[in-house]
There are 2 protein chains.
Amino acid sequence: MSQQIARASLADVQQPVAEELERVALELRRIIAADFPIAAAVNAHLLRMKGKLFRPTLMLLAHQAAGGAEPRAVTLAAVVELIHLATLVHDDSVDHSALRRGLPTINALFSHQIAVIMGDYLYSRAIIELVRLADLEPLRVFARVTNEMTIGEMRQLEAHDKLSYPEAQYDELIRAKTASLLSGACEVGALEAPLAQREALARFGMRLGMAFQIADDLLDYTAAEAVTGKPSGLDLKEHKVTLPLIAALGAMGPADRSLVAELMAAPEPSDELVAGVIERVRAAGGLDYARRRALELAQQAEGELEALPPSRARDALRDSITYAVDRPS
Amino acid sequence: MSQQIARASLADVQQPVAEELERVALELRRIIAADFPIAAAVNAHLLRMKGKLFRPTLMLLAHQAAGGAEPRAVTLAAVVELIHLATLVHDDSVDHSALRRGLPTINALFSHQIAVIMGDYLYSRAIIELVRLADLEPLRVFARVTNEMTIGEMRQLEAHDKLSYPEAQYDELIRAKTASLLSGACEVGALEAPLAQREALARFGMRLGMAFQIADDLLDYTAAEAVTGKPSGLDLKEHKVTLPLIAALGAMGPADRSLVAELMAAPEPSDELVAGVIERVRAAGGLDYARRRALELAQQAEGELEALPPSRARDALRDSITYAVDRPS
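Each value, and the rule that gives it
Residues numbered from 1 in each chain as written. Chains lettered and ligands numbered in written order. Predicted model: local features only at pLDDT ≥ 70, side-chain atom pairs only at ≥ 80, totals over all residues. Heavy atoms only, no water. Contact = heavy atoms within 4.5 Å. Buried area = accessible area lost by both parts, 1.4 Å probe. Salt bridge = Lys/Arg side-chain N within 4 Å of Asp/Glu carboxyl O. Helix = DSSP H or I, 4+ residues; strand = E, 2+ residues; numbered from the N terminus. Expected span 1.5 Å × (residues − 1). Buried < 20%, exposed > 50% of the residue type's maximum accessible area, 1.4 Å probe, protein only. Arc of directions from axis to C-beta. Polar contact = N/O pair within 3.5 Å; in protein donor to acceptor, adjacent residues only side chain to side chain.

With that settled, the discussion passes to the interface of chain A and chain B. With 37 residues of chain A in contact, the opposing surface of chain B contributes 37 residues. Together chain A and chain B conceal approximately 3,500 Å² of surface at their shared face, both sides included; 76% is due to carbon and sulfur atoms. Summed over the three residues of chain A that lose the most area to chain B, namely Phe36, Ile117 and Met154 of chain A, the buried surface amounts to 17% of that side. Viewed at the interface, chain B and chain A are joined by 0 salt bridges. Every element with two or more residues in the side of chain A that touches chain B is listed here: helix H3 (37-48), helix H5 (73-95), helix H7 (112-132) and helix H8 (136-157) of chain A. It is H7 of chain A that provides the largest number of residues to the side of chain A that touches chain B, a total of 14 residues.

Here's what the structure looks like:
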């Protein structure tokens, strides 16, 4: 986002729901508890790599901003984090990823088999917990969202021409893969609110989620890796086409395009090749384009918040946009 | 089962619900329909390998036997088959199996990645369909059952001493892995029935399911493989400990036990070694013990049917026991 806007820290964003978030962590622990050894070991590891609870934060802020004060919001917030965790465990297994948040992934630390089964275990625990709340509405939202996420994952695998990947298809992918769960979190937070607020918050989460994923994809081109001090370019190494490259390809000359083609054809692209493509993407304006697009989505998200009355929670939701787009990692 | 009881064919068992089963196949097709290429290809393959619809058969018979006549029973029966399919897709992926019902598995024909994602896709479609029926009761049963199935899969992976595997642990495993879904199918078929009938049918499904799995485990020791004409011993090759071996170990002398230990220590046991262990298991009475145990469970299942009024559907449920225990493959 533009330089004029002050950065918001995650602590600022979480401040209005800080007490609830502590209870979310306890709820999460309760829900995934297992009395057989491997699952207990896997759960302990997952709780250690527990992230920033960004999705529960959004749900609780949406709940508060829409005037809700339901005790079960904490449980629903734990469920949204649980669904996120289940998805990560399967995604890491599908991608053969070795690290997540600086810790070994479940597939790396235990095995591929255990990752598949534990993902199923966590997801079925989430469904059990939703059924226990005896309300079909959150179930309806989360069932739709998890189905969309699997479709997003599948689209990512589908063969496509890496050099002419349409931006519309990228949008569809990040909506399904990332934004749908953030949207679902905001919507479920506001299930008891008037329909206009519920729908505005669902759209807020969708726009925010898309901006969040574009910012993530940009980091792969810009964030200095700890060891080398250079951008990791991990997506490029794995032949993943994201918005900076899509935007740059339209502006590239034949020489640059053939360098990209060379990278996409190399089973294991060298660091030089990756660094070269990152430089051409930057020169062709791919990073600027992606930044502008994230900013556009951020502004759309901010606009949706006008449907809500002023409150600290609404301010925090506004700050969450800055956090999502400007976060350093 | 004993020779005196006439064998029941699957067609006999399915006769009272034959018309509904045709609609189950159509419902299944509708529920898993997908508009993106890979999923459509995977679904087409799954529908080709579609099994005998044994779980939908049990649900529809339980429904009819308990006096039900709900149109949504057909949809619920499709959902139970869908949950079964989702489980198979992940199980084959976890076990690296190449064949299922004589056709290549999803992981073999497509990839491991696609198997993981498609299992998630199918399961989330099942949940969406259950939410659409707007009734928490079937959701409650199936959420519990799918969670139990993941726990069963996990227990199967847990390290244990293959030479002193307690029968109680085997019972727990086959309850979770196989019997819970058959029990859930029968219970959901009878959700509208008086509690005594619902509970009797749930117990019926559990006993039947355990007998079904023991019969399956016995086939690995007895059924002649098409090519070699000898028992496949596939479970033993993969170091899977099932009831015939558990029972035999208690009666084996040191020489036989050390042959079993040799097999369990061999990364890829030879056909001779497998055939040798099968012969010792037979000689030590392991097959007879497993047959007696299956018969005992079959009789317990039959006893539960006394809670129901006489009907063609109840007769067919009785025949389903014979089918489950005596089936040739």
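Here the narrative resumes, following the displayed structure.
Residues and elements named next belong to chain B. Here helix H2 (residues 18-32) contains 15 residues, and its C-alpha end-to-end distance of 22 Å stays within 8% of the 21 Å for a straight helix at 1.5 Å per residue. Every buried residue of H2 is accounted for by Leu21, Val24, Glu27, Leu28, Ile31 and Ile32. Seen along its axis, H2 keeps its buried residues to an arc of 110 degrees; they face one direction. When the buried face of H2 is taken as reference, the exposed residues oriented beyond 90 degrees from it are Glu22, Leu26 and Arg29. Looking at the packing, one finds that the buried side of H2 touches helix H1 (10-14), helix H3 (37-48), helix H4 (54-65), helix H5 (73-95) and helix H7 (112-132).

All names here are of chain B. The residue Arg100 is located in strand S1 (residues 99-100) in this model. Note on Arg100: relative accessible area 22%, which makes it partly exposed. With 11 residues separating them in the primary sequence, Arg100 and Val89 have C-alpha atoms 9.7 Å apart. A distance of 2.8 Å separates a polar atom in the side chain of Arg100 from a polar atom in the side chain of Asp92.

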